[in-house]
Structures are given as structure tokens and as C-alpha cells.
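Here's the letter readout for the chains.
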Amino acid sequence: MPLDSSTRVLAIRHGETAWNRDKRIQGQLDVPLNAVGEAQARRLAAALAGERIDAVYSSDLGRARQTAMALAEGAGQALQLDPGLRERQFGIFEGQTWSEIAERWPEQSERWRRRDPEFGAAGGETLADFYARSVAATERLLARHAGQTVVLVTHGGVLDCLYRAATRLPLQAARTWTLGNAAINRLLYSDAGFILVGWNDGAHLDGAAQDEFA
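A. Spatial organisation of the overall build of the chain. Within the chain, the regular secondary structure consists of 7 helices and 6 strands. Taken from the N to the C terminus, the helices and strands of the chain come in the order β-α-α-β-α-β-α-α-α-β-α-β-β. Relative to its length of 214 residues, the chain is compact, with a C-alpha radius of gyration of 16 Å against a globular reference of 17 Å. Its C-alpha atoms give the chain principal-axis dimensions of about 50 × 40 × 25 Å. Evaluated residue by residue, the chain yields a buried proportion of 52% over its 214 residues. Pairs at least 24 apart in sequence give 69% of the contacts found in the chain among residues at least 6 apart. Counting 24 positive and 27 negative side-chain charges, the chain places the centres of these two groups 1 Å from one another.

B. Broad picture of the nonpolar core. Core analysis: the biggest nonpolar cluster contains 26 residues, and Val9, Tyr57, Leu142, Leu152, Leu187, Phe194 and Trp199 have the highest contact counts within it. At the level of elements, strand S1 (7-13), strand S2 (55-58), helix H6 (127-142), strand S4 (149-154), helix H7 (156-167), strand S5 (184-190) and strand S6 (193-201) are the ones that each hand at least two residues to this core. Counting residues per element, this core draws most heavily on H7, which supplies 7 residues. With 14 residues, the next largest nonpolar core counts Ile12, Ala45, Val56 and Ala68 among its residues.

C. Structural detail: the pattern of salt bridges. In total, this model carries 12 salt bridges according to the counting rule given. The residue Arg43 makes a salt bridge to Asp206 at a minimum N-O spacing of 3.9 Å. Highlighted residues: Arg43 in helix H2 (residues 35-47) and Asp206 in the segment after S6, separated in sequence by 163 residues. Given a relative accessible area of 32%, Arg43 falls into the partly exposed group. Judged by relative accessible area, Asp206 falls into the exposed class, the value being 65%. Arg114 is the salt-bridge partner of Glu110, the closest N and O atoms lying 3.6 Å from each other.

D. How the structure looks around the sheet that holds S2. The strand order across the open sheet formed by 6 strands is S3-S2-S4-S1-S5-S6, and the pairing between neighbours is mixed. Two strands lie at the open edges of the sheet, namely strand S3 (79-81) and S6, each paired on one side alone. Strand-to-strand, the axes of this sheet are offset by a mean angle of 25°, without reference to chain direction. Note that S2 and S4 share 4 bridges and pair parallel. Its bridge partner lying in S4, Ala55 is registered against Val150. In the packing of helix H3 (residues 62-75) onto the sheet, the strands contacted are S1, S2, S3 and S4, and the crossing angle to S2 comes to about 170°. Running over the sheet, H7 touches S1, S4, S5 and S6 and is turned about 125° from S6.

E. Summary view of the environment of Arg104. With respect to the secondary-structure elements, Arg104 resides in helix H4 (residues 98-104). Along the primary structure Arg104 and Phe93 are separated by 11 residues, whereas in three dimensions their C-alpha atoms are 9.7 Å apart. Among the polar contacts listed, one links the side chain of Arg104 to the side chain of Gln96, at a separation of 2.4 Å.

F. Region of the structure containing the pairing of S5. Burial analysis of S5 places 6 of its 7 residues in the buried class, which makes it a mostly covered element. The pairing of S1 with S5 spans 6 bridges and is antiparallel. Looking at S5, one finds that Thr7 is bridged to Tyr189. Pairing analysis gives 6 bridges linking S5 to S6, with the strands arranged antiparallel. Bridge pairing in S6 places Tyr189 opposite Phe194.

Definitions and cut-offs
- Residues numbered from 1 in each chain as written.
- Predicted model: local features only at pLDDT ≥ 70, side-chain atom pairs only at ≥ 80, totals over all residues.
- Heavy atoms only, no water.
- Helix = DSSP H or I, 4+ residues; strand = E, 2+ residues; numbered from the N terminus.
- Rg over C-alpha atoms; globule rule 2.2 N^0.38 Å.
- Buried < 20%, exposed > 50% of the residue type's maximum accessible area, 1.4 Å probe, protein only.
- Contact = heavy atoms within 4.5 Å.
- Lys, Arg positive; Asp, Glu negative; His and termini not counted.
- Charge placed at Lys NZ, Arg CZ, Asp CG, Glu CD.
- Core = buried A, V, L, I, M, F, W, Y, C linked by side-chain atoms within 4.5 Å.
- Salt bridge = Lys/Arg side-chain N within 4 Å of Asp/Glu carboxyl O.
- Pairing = 2+ DSSP bridges.
- Axes fitted to C-alpha atoms, helices over the stretch in contact; angles between N-to-C directions.
- Polar contact = N/O pair within 3.5 Å; in protein donor to acceptor, adjacent residues only side chain to side chain.

Encoded structure:
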């Protein structure tokens, strides 16, 4: 596929929530943005106001949808929701802080922190299944927009998967890159897969982005 038919991707994590501040796992629980997150969403929309955007997709969870609404309006595009862009289902870990997880389920916590691809907290997705679901959903949406520019508003875990897909890093590799709230991440997508263009641009946020999962 020639370069000019590649899809330009702006992949964005939702704005901050109170649970991000608390280091509490949200997963697929529907936690709203806090006041900082609402401000981040406004700054994000303003930062992208001058860019040509052909489609805006969002996870159907409220924190992503809230983040995407002003952006879609400013781009003159209908906001399209897709559950395939949801955060990983964390089962019994959802609603718990990282320290609570380590205390209550030490063996499961250790496998989670080691990034065991076959581990999923009771009632949740394995890392391997989550990666497959996230990348497949993203590719399905982007395939509709060859040569266009698409915004995806999603979650930290999904962005981690896209970064690994673009850099060909294995799931077990420790994360050394940042996943800031409402930061802008740029990729190209074609039949050859993903290419990383730029990551974690938070200049529009005045240092307000948090680097925490979910």
C-alpha cells in the first residue's frame, strides 16, 4: 500500500478521573472525568481544532466518550462509539487500588505485574486476549479510512497495545513509554501494520497529564 493511502491515526487516552489519582483500577467500570479531566478534554479539542479530521471514534465508556465529545464537535464529525476500544476487563481487580490488589491477591498480583500474557484476574481478560481484541478492533475501524485521518479516544491499556503493535515489542516487555491522560499519540496504519510517528504529546496540557493505567 503506498504511503499516501496510509491512515493517519491520532490515538488519545481519556482525560483524568478521580480513580486515576487514587491509582484505582477502573477497567470497564464507568467512571466519569474529574474537573482536571474535563479541562484536559477542552484543551485537547482546542489543540486539534486546526487539523483535518475525517472520523472520530471512542470507547463507549463514559470517561472516553466525555473526552471525545468536544473534539468531535470541533472537527465537524459525528462521534462514533465502539465497545472494542474499551479498557481491559480486570474482573475482581476493578475498583481496587494497586496496593489493595497486592494485599488481597498476592499471587494474582505478581502474575499481573510480570505481564504474564496468559493471566487474567478472576472474571477478567487475559493480557493476550485483550491485546488481540484491542488491535483487531482498531484495525477494523481504520480499514474504513484509507488515506484519511482518524481520531481514536480510548484507554491506557489499549494505547499500550497499539504502541507494542507499532514497535513490535512483546507483551512481556516492561513499559518504558508514557501513557498520559489526553496526550496525543500519532501512528500510521496500512496493510503492513502500524508505524509509530510520535508519542505522548502533552504540550497542550501544561503538564496536567497523568501517566497511570485505565
